[in-house]
Amino acid sequence: SASQLKGRKQMQAVHWPLKVSQTDTSSKTPNSVPHTVEQCESSIDAENANFYYRSLQAAAKAADVSAAEAAMRRMREAGITPSIACYGTLVGVCAKTGDVARAESWLETLAGSGLGNPNVICVNMVISACAKHGQVERAAAWLQRMHSLGVEPDVMSYNAVIDACARSGEVNRAEEWLGKMQDSGAIPNVVSFSSVLHACARAGEATRAEAWLERMHSAGVPPNAICFNALIHACAKADDTDRAARWLDHMVKHGVQPTVTSYSTIIDRLSKSGDVVAAQQWLTRMTQAGVDADVIAYNMVLGACSRAGSVDTAEALFNQMRERGIMPNVVAFNLMLNIHARLGDTAAAVRLLGEMRQAGISADQVSFNTAFKSFVKSADVMGASTLVREMMAHGVAPDAGSYTAIIAVCARAKNSEAAESWLKRLLADGLGADVSAYSATIQACAQAGDLARADHWLTRMDAFDLWPSAGAFCSLVHAAAKKNDTRRLENLFKRMDDAKVETTTPMYNALISTFARRGDIDGAEKWLKQMLETGTAADVASYSAVIHACAKSSDLQRAEGWVRKMDEVGIDPNVVTYNSVINACARCGESVRAESWFKQMKCRGVSPGLLTYNSLINAAVKAGERTKAENWLTDMKQQGIEPDGVSYSTVIHAWARAHDAPRAEHWFRELLQAGAATKQTSSFSYNSVCQVWARAGDVSRATSWLQEALDARAEVNTNSFTAVAGCHLKLDQPEEAERLLQRMQQDGLEVPLSGVGGAEAIAAAWAQKGNQKRANAVRAMAKDSNDVSTARSGPRSRGGKHPWSSN
């Protein structure tokens, strides 16, 4: 404007001419200040004054406020009175460097210096400085003081205040000052309107911004690209990208060329909303419109790809950038690193770091720390360690985030030793471990099952008044649950309560299940009730764990009661729930109740499984219903469920206890033919069949099965040996019986002294035959065998538990 140009000329005028007569006043303008040369003593000439002013200008040009103020101080010390231009220069350098307080101070000093009125540019610079720092009140105050300073506000004065309002997002005040501007007679220009539009954009008020664009047209001020961009930004911030797109089209129709910002605003909003496809389409549209996309626009879409994990799209865009001559910056590479790191693609992460070096782009801490994350999924501790060395070789020192990322890799690898080593290095480097570093180390120890070391680091955290993360507590809970350590679990829950850490459903389930495995119904019920009281959502696993505890304790009534409570709260039982309650029926010998729950299970559409049928078989066996047990075994085959060793051995044992050797043998052959036997179930079944034939007095069948068991390397127990031995004694075959005792001794079993087939019975048989020597030898063998067995590890009899006994 004309007033700005005039003021600028005043500031740039030479105030100390080299040749000026002391009596010549013709060069003075009406508003000028008396030349300093006329006030100087004879020892200070005009050249000296200009020397100081040039020093002041040089400092201002270098944006060195301290040097500029020093030049002003030296000028005063030399007896030179600074001019308005000197003060204006100081105001300008302070405003330019953002030192609002100093700019205001020097303007105040000028106003009180008596040299004359400051020009409009001086005041506008202070107003602009206030505006840039969001100090709306200060900016407005200076504009209101301009009249008292003898300066008329111009368009720039008002624009600076409106800009201050816009930067603070104060739409109402921006509009108010534009109105005051018009009332003063100043004519708003495109900058005035664009500032108001900018305020609307910051507030996301699209409708209001549209209204101001219409006012611009009415005022005869054609909007430029900045105005349209502000309106597009307002629409985008209101999450109305379709509306933003319409204004971009309107912009083109009115002959205003869109800029990169016009398109990038829409791309940014779409990217942040996660619409990768639409963001990519706008990037293409931007290029087709002849607007060259820059690296920032590409980074916006890459950011969307990173959040969505769209690796193929990201790779295509990244390659497209380079093909079009757009050099990816460190942000672009870091976004690509993040995409591959989330997928655990260590090869791609290492490749990208290499490409950064080839492109002359220095990887920063974010680059390396992001790359470290790629090693977490693969649990590659060695690879992460190598990357640390490479990081340091490139002059990038690991920070706390780097160490924490490596510790997380160690935690994933369940390598507590390495995790602790890296944490110690972090502490040794004086970086200070935070919650994340300690928590990752605790997780590593917990996942490795080393709860003692985990406790050590928990204690260290307590010393610094730090609490582990929810993830660390979760790992500790599951580790303690695996060890069935209910006391530790309860302590952990107390710690979490003290730390205000939210206890999750899986955490409670782990705790309740631990009590359930111990058959502690009271403990399981107590924690389920507390879970419900704290508002933590109990699920089917929570209730099923309590029902399992009831089953372990053979408390059918409580088990059924909890199933009813599940129905009351709207949680449908699943196969685990039904298996537990049917198992409770089996343990109580309630075959009819087991069948009833089985029918209910099928009516609700829950498919029975192997454990379901095994519980039904067990229930029938305990009720003495062996034929029904066989029927369940047959039924499960028809349902496509293959019986396992437990299924068969339960039926075999039932017939053995009923002294029905042929049926027991039949089902054992079925087991062997099906190939479903485990070492435990096959050993149990061998012993059952062997003993039932021995009790039936069929020494031939009993001996045959005993030999088959030994050949199959089954664990033949003491009862089987003595049962067959007793069979031989009945047939007056002490030699065969003694041979079996010798085999027991070889297998490290305890040789029983008493009982049918025991050492005393065999010795008595030899004595009856008049062979006392053999009788004594048998007794001595039994004694020596038992002494050796006890010295080794205590008595070993291998009585042979049924597989169900561990459930």
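Here we summarise the structure given alongside this text.

**Section: the overall build of the protein**
From N to C terminus, the protein includes 43 helices and zero strands. For 807 residues, the compact-globule formula gives about 28 Å, and the C-alpha radius of gyration of the protein, at 46 Å, lies well above that figure. Counting only C-alpha atoms and orienting by the principal axes, one finds that the protein spans roughly 160 × 60 × 55 Å. Expressed as a percentage of the 807 residues in the protein, the buried residues total 49%. Sequence-distant contacts in the protein: of pairs separated by 6 or more residues, those separated by 24 or more amount to 62%. About 37,100 Å² of surface is accessible on the protein, with carbon and sulfur atoms providing 49% of the total.

**Quick notes on the pattern of salt bridges**
All chains considered together, the criterion is met by 40 salt bridges. Glu170 is the partner of Arg173 in a salt bridge, and the nearest nitrogen-oxygen pair spans 3.5 Å. With a relative accessible area of 21%, Arg173 lands in the partly exposed category. Since its relative accessible area comes to 28%, Glu170 is described here as partly exposed. In this structure, Arg208 engages Glu175 in a salt bridge whose closest nitrogen and oxygen atoms are separated by 2.7 Å. Note that Arg208 is positioned in helix α11 (residues 206–218) and Glu175 in helix α9 (residues 171–183), a separation of 33 residues in sequence. In this structure Arg208 comes out as partly exposed when scored by relative accessible area, which is 23%.

**Looking at unusual backbone geometry**
What is expected of a backbone is that most residues other than glycine have negative phi and most peptide bonds are trans. The phi dihedral of Ala379 is positive, around 55°, even though this residue is not glycine. Mapped onto the fold, Ala379 is located in the loop between α20 (365–378) and α21 (381–393). Residue classification places Ala379 among the partly exposed residues on the basis of a relative accessible area of 25%. The phi dihedral of Asp465 falls on the positive side, at around 55°, and the residue is not glycine. Mapped onto the fold, Asp465 is located in the loop between α25 (451–463) and α26 (470–482).

**What about the packing of α25 against α26?**
Taken N-terminus to C-terminus, the directions of α25 and α26 make an angle of 150°; their axes are 11 Å apart at the nearest point. Judged by the inter-axis angle, α25 sits roughly antiparallel to α26. For the crossing formed where α25 meets α26, the hand is left-handed. Between α25, through Leu451, Ala454 and Leu458, and α26, the contact on the second element is made entirely by Leu476, Ala479 and Ala480. Partitioning the contact of α25 with α26 into residue classes produces six nonpolar, no polar and no charged.

**As for the side chain of Thr486**
Mapped onto the secondary structure, Thr486 falls in helix α27 (residues 486–498). What Thr486 contacts, discounting residues up to four positions off in sequence, is Thr514, Phe515 and Arg518.

**Comments concerning the packing of aromatic side chains**
This structure, assessed with the given rule, holds 18 aromatic pairs. Taken together, the aromatic side chains of Phe493, Tyr508 and Trp527 make up a single cluster linked through ring pairs. The ring of Trp177 has Lys180 sitting right over it, with the charged end atom 4.1 Å from the ring centre. The lysine or arginine in question, Arg774, covers the ring of Trp766, its NZ or CZ lying 4.2 Å from the ring centre.

**Observations regarding helix α13 (residues 241–253)**
The terminal C-alpha atoms of α13, which comprises 13 residues, lie 18 Å apart, in line with the 18 Å expected from a rise of 1.5 Å per residue. Looking at α13, one finds that the buried residues are Thr241, Arg243, Ala244, Ala245, Trp247, Leu248 and Met251. Summarising the contacts, the buried residues of α13 are in contact with α11, α12 (225–237), α14 (260–272) and α15 (276–288). Count one or two residues on from α13 and you reach Gly255, which has phi positive near 80°.

Calculation rules
- Residues numbered from 1 in each chain as written.
- Predicted model: local features only at pLDDT ≥ 70, side-chain atom pairs only at ≥ 80, totals over all residues.
- Heavy atoms only, no water.
- Helix = DSSP H or I, 4+ residues; strand = E, 2+ residues; numbered from the N terminus.
- Rg over C-alpha atoms; globule rule 2.2 N^0.38 Å.
- Buried < 20%, exposed > 50% of the residue type's maximum accessible area, 1.4 Å probe, protein only.
- Contact = heavy atoms within 4.5 Å.
- Areas by Shrake-Rupley, 256 points an atom, 1.4 Å probe, with all protein chains shown as cover.
- Salt bridge = Lys/Arg side-chain N within 4 Å of Asp/Glu carboxyl O.
- Axes fitted to C-alpha atoms, helices over the stretch in contact; angles between N-to-C directions.
- Parallel < 35°, antiparallel > 145°, perpendicular 65-115°, else oblique.
- Left-handed = near helix turned anticlockwise from the far one by under 90°.
- Nonpolar A, V, L, I, M, F, W, Y, C, P; charged D, E, K, R; others polar.
- Phe/Tyr/Trp six-rings, centres within 6.5 Å; stacked < 30°, edge-to-face > 60°.
- Lys NZ or Arg CZ within 6 Å of the ring centre and 35° of its normal.
- Expected span 1.5 Å × (residues − 1).

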